[in-house]
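Single-letter residue listing:
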Amino acid sequence: MSIASGRDAAFMRDNHTMTGRPGSWLRRILRAPFTRRTWAELAYAIVSFPLAVGALVFTVPTLVNGPLWAASAPGVRKLGAAHRSLARTLLGEDVPPPPPLRPYPVVHVRTPDADRLVAQAEAKGAKVARNGNQVRIIGLPVSWVAELTTEERIAIHSLRPENKLGWYRGAIRDRHTWLARSYFALKLPVAVFQLVVAAGFLLAGLFYLTYPIWQELAKAGPGLGTGNPVPLAASFLFVPLGAFLLLAAPWLAHGVNELDLVLMRGLLGPGSPGSPGSPDSTVLTERVRDLEVTRAHAVDDSAARLRSIERDLHDGAQAQLVALAMKLGLAKEKLDHKEKLGDTAAPPDLTRVAQLVDDAHRSAIEAIAELRTLARGIHPSVLDNGLTDALTTLAARSVVPVELVSDIPERPSAAIETIAYFSAAELLANVAKHSGARRATLEAVHVPGLLRIRVTDDGHGGTSPVPGGGLRGLAERVRTVDGRLDIDSPAGGPTAVTVELPSHA
Amino acid sequence: MRIVIAEDAAVIRAGLAEVLGDRGHEVAAAVGDAEALKAAVAEHEPDVAIVDVRMPPDHTDEGLRAAIAIRRDHPGTGILVFSQYVETRYAADLLAARSGGVGYLLKDRVANVGEFVDAIARVAAGGTAFDPEVVSGMLNATRHASTLAALTARERDVLALMAEGRSNSAIADRLVVSERAVEKHISNIFSKLGLPPSDSDHRRVLAVLAYLGS
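In what follows, the accompanying structure is described. (Residues numbered from 1 in each chain as written. Chains lettered and ligands numbered in written order. Predicted model: local features only at pLDDT ≥ 70, side-chain atom pairs only at ≥ 80, totals over all residues.)

### Points about the overall build of chain A
Within chain A, the secondary structure is distributed over 15 helices and 9 strands. Taking all 505 residues of chain A together, 27% fall into the buried category. Taking contacts inside chain A between residues at least 6 apart in sequence as the whole, the part at least 24 apart equals 73%. (Helix = DSSP H or I, 4+ residues; strand = E, 2+ residues; numbered from the N terminus. Buried ≥ 20, exposed ≤ 12 C-beta atoms within 10 Å, placed from the backbone. Contact = placed C-beta atoms within 7 Å.)

Shown next as structure tokens:
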């Protein structure tokens, strides 16, 4: 019922527009020269001409060599922005800007294992330059290089992005700057055409529309003579031509401007997300790669955790229980022995049995303690009451005195709480083990969207994430939920390690 | 019996030495890793070596690989693999090299000291001692399904006990039947497996091997 009536309504609407169309077209054609839009289009056609000339004049001399490509890139982008803003102001066409210039990834690594790093980086398609134990990797983001060194267990002494060279190479290769340059090249003929159409048609139209007047003026004053006067009646024949040119000018200007906009959207915009190599797809590709890497970490991490739990069980509680069963078995046999053989047999060595039971008892207690520690390592039950309670317990258990500052008005998601808890545990353990600190502070602050855990200590500083180390592992775990780890640890201290996590994983 | 123990968990190693010592056996060496095990076996030539599967450095199957090497290099030494897990592949690997003087027990079995020491004695004497769980794990493996289908449920029980290393009379006791009935079941098993009549002990081993997937 409702579908049928909807269809009827649509049909009627169509019908109505169809009957109304010829009249409205005529009105539009006649009114076109006098609309605001038309004047804006004409103004655009005229104003963009000097801008196009200026852009080309700026661009052409900078095409000489690489350094000039790089140096002119910001200017080229500004000129592109000027074109976009002109189109926005006069044509109402909002072409979004391309992504900003980015440094091309150049990473400087100092490593004792340079040979392997070079081989690995080259295998990933990077350009590599090597000088002794210094390796420069071009084309792999810093995070990738860090992953690579972790995965391949390549020791690194330092790893930092080389920004100056990165910006230079980034500016030279920036795809959008080159697209803008090609726009400028294509724009000039378009701009000439725009100018001719807009100014030419407008002026010629006005001229012919008023042709009889000019003719009469020419007859009156010889100074204005055209040399070949036309009779007044004949000169009126030019009036329709003038009207035609005036009426046609808006449409032609509009058409040429549309062509300009097509070029602008394609060459000065961010490009379509679907096309390969376009910035959006680059961003997406990077995101996908990042997710792939962090997901692999998450999987590896949980597999490693399961393995270590299994190891702990196997070597700890399970072994304790086997030993316990063994001792009780032996004790039982000694007691059974008496039952089987009756009173005639020698009485069981009760001291020995008591000793076996005592050993078994001890094994049982040890197994219980092992299991408790292990269970807490899997999921601390105090975490169920919220992060503040859990961190209070953690701070209280620490060997180094810890002051806890906690401001968590709303609870983050359970996964984030767990990661935050284990991060704090790892950081406090590091303080106790390595820092030589006398006291430490544990801060936990949750603002909407962000949970920040920070551990500061007054130890000797100089902490850095070594491959395979706890901090590196922590950084990787934190990255799996799009969090980050920041270490500020100058030699001599103090050390502040900050873990930032999203509220929800 | 002279025994070498290789087990990385100190608490179990000490417990085993205590149990075996208590029964009057000589524990020639109790070591914590595979290399030390091979050295101890070469030095003491024990009747049997009790070997944990997972040992340092990698905690995977170092013990098993050492056990296979010992079977090859020291035929006189029985091997009792001792693990917290049922891994049918391990048992198959062990049996692949030689059919007798081998065993695979779960660590749980040590709780019954009497049976555990009996199993060690069987292995030392060149017999087999497979944990019921190991045997049933192997019998359940799909690749045996077709051959297994030919056997009756009772014949399968008998075969499982044979694989554990039990004698006919022990099997008869366990299944509460006469020894005669057990012999009949065994001969049915032999014929269904197509094992030619020959030395019965040899056929017994072959029957077990056929099912344990050597």
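### Overview of the packing of helix α8 (residues 153-164) of chain B against helix α10 (residues 179-193) of chain B
Between two packed helices, what matters for the description is the angle formed by their axes and the separation of those axes. Residues and elements named next belong to chain B. Close contact between α8 and α10 brings their axes to 9 Å; oriented N to C, the two are set at 95 degrees. By the criterion of interaxial angle, the relationship of α8 to α10 is roughly perpendicular. The residues of α10 that touch α8, namely those facing Arg-154, Glu-155, Val-158 and Leu-159, are Val-182, His-185, Ile-186, Asn-188 and Ile-189. Per-class residue counts for the contact of α8 with α10 are 5 nonpolar, 2 polar and 2 charged. (Axes fitted to C-alpha atoms, helices over the stretch in contact; angles between N-to-C directions. Parallel < 35°, antiparallel > 145°, perpendicular 65-115°, else oblique. Nonpolar A, V, L, I, M, F, W, Y, C, P; charged D, E, K, R; others polar.)

### What to know about the sheet that holds strand β6 (residues 440-447) of chain A
Residue and element names in this part refer to chain A. Here 5 strands make up an open sheet; going across it, the order is β5-β6-β7-β9-β8 and the pairing mixed. Each of the sheet's edge strands pairs with one partner strand only, and the pair in question is β5 (402-407) and β8 (484-488). Strand-to-strand, the axes of this sheet are offset by a mean angle of 10 degrees, without reference to chain direction. Pairing analysis gives 6 bridges linking β5 to β6, with the strands arranged parallel. Within the sheet, the bridge partner assigned to Ser-406 lies in β6 and is Ala-444. Its contacts with the sheet place helix α13 (residues 387-397) against β5 and β6, and it is angled at close to 175 degrees to β5. In this fold helix α14 (residues 414-435) packs onto β5, β6, β7 (450-457) and β9 (495-502), with an angle of close to 10 degrees to the strand it touches most, β7. (Pairing = 2+ DSSP bridges.)

### Description of the environment of Leu-267 of chain A
All names here are of chain A. Summarising the element assignment, Leu-267 is placed in helix α10 (residues 238-268). Overall, Leu-267 belongs to the buried group, with 23 C-beta atoms counted inside 10 Å. On a C-alpha basis, the gap between Leu-267 and Trp-178 in space is 8.7 Å, while along the polypeptide they are 89 residues apart.

### Overview of the interface of chain A and chain B
Between chain A and chain B, the contact holds 15 residues from the first and 15 residues from the second. Sort the elements by how many residues they give to the side of chain A that touches chain B and helix α11 (residues 279-341) of chain A lands first, with 14 residues. Looking at side-chain class alone, the side of chain A that touches chain B contains 6 nonpolar, 5 polar and 4 charged residues.

### Side note on the packing of α14 of chain A against helix α15 (residues 470-479) of chain A
All names here are of chain A. At a closest axis distance of 11 Å, the pairing of α14 and α15 adopts a crossing angle of 165 degrees. Looking at the two axes, α14 sits roughly antiparallel to α15. Judged by the twist between their axes, the crossing of α14 over α15 is left-handed. Counted together, Ile-419, Ser-423, Glu-426 and Asn-430 of α14 and Gly-470, Leu-474, Arg-477 and Val-478 of α15 form the full contact between these two elements. (Left-handed = near helix turned anticlockwise from the far one by under 90°.)

### With respect to the sheet that holds strand β1 (residues 2-6) of chain B
What holds strands together in a sheet is hydrogen bonding between their backbones, with the strands either parallel or antiparallel. All names here are of chain B. In spatial order, the strands read β2-β1-β3-β4-β5-β6; together these 6 strands make up an open sheet with parallel pairing. In this open sheet, the two edge strands, each paired with only one partner strand, are β2 (26-31) and β6 (128-130). On average, each strand axis in the sheet is inclined to that of its neighbour by 20 degrees, with strand direction left out of account. The sheet contacts of helix α5 (residues 113-124) involve β3 (48-52), β4 (78-83), β5 (102-106) and β6, and relative to β4 the element is tilted by about 145 degrees.

### A closer look at α8 of chain B
Residue and element names in this part refer to chain B. Spanning 12 residues, α8 covers 17 Å between terminal C-alpha atoms, matching the ideal 16 Å at 1.5 Å per step. What α8 keeps buried is the set Val-158, Leu-159, Leu-161, Met-162, Ala-163 and Glu-164. One or two residues past the end of α8 sits Gly-165, with phi positive at roughly 100 degrees. (Expected span 1.5 Å × (residues − 1).)

### Structural notes on unusual backbone geometry
Residues and elements named next belong to chain B. Cis geometry is adopted by the peptide bond preceding Pro-57, which originates at Pro-56 and carries an omega value of 5 degrees. Take Pro-57: it is sitting in the loop between β3 and α3 (62-73). The phi angle at His-59 is positive, at roughly 55 degrees, despite the residue not being glycine. Turning to its location among the elements, His-59 is positioned in the loop between β3 and α3. Accessibility expressed as a C-beta count within 10 Å gives 16 for His-59, which makes it partly exposed.

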